[in-house]
Amino acid sequence: MNIIDTNTIKGIAADLAAGKRTIKAIAAECRIFEVQADSDEAKAAYARLSDCRTRKEFAAVIATI
């Protein structure tokens, strides 16, 4: 995964920690990132993130990336 995708995922984690955006909005944004990603690894990561419905699920997926 390239530095852009790594930083994007770190940004998603920061958004989750801040709690100012809804989970639904973050998941929708991940769907957009999935379409725009260059590598299969990044697409898979964003696809898993877009399926998350709770902060706990997001944290579990981010921990595995």
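The coordinates are above.
Conventions we followed
Residues numbered from 1 in each chain as written. Predicted model: local features only at pLDDT ≥ 70, side-chain atom pairs only at ≥ 80, totals over all residues. Heavy atoms only, no water. Helix = DSSP H or I, 4+ residues; strand = E, 2+ residues; numbered from the N terminus. Expected span 1.5 Å × (residues − 1). Buried < 20%, exposed > 50% of the residue type's maximum accessible area, 1.4 Å probe, protein only. Arc of directions from axis to C-beta. Disulfide = S-S within 2.5 Å.

*Asks:* Hey, could you run me through helix α2 (residues 23-36) in this one?
*Replies:* An α-helical turn contains 3.6 residues, so any two residues separated by three or four positions project in the same direction. In this model, α2 (14 residues) spans 20 Å end to end at C-alpha, consistent with the 20 Å of a helix rising 1.5 Å per residue. When we look at burial in α2, the residues that qualify are I23, I26, A27 and C30. In a view along the axis of α2, the buried residues occupy a sector of 100 degrees, so they form one face of it. In α2, the exposed residues that point more than 90 degrees away from the buried face are K24, V35 and Q36.

*Asks:* It is not clear to me how the state of the cysteines should be interpreted in this structure. Could you clarify?
*Replies:* In this structure the tally under the stated criterion is zero disulfides. Here C30 stays free of any disulfide, with the sulfur of C52 as its closest cysteine sulfur at 7.7 Å.

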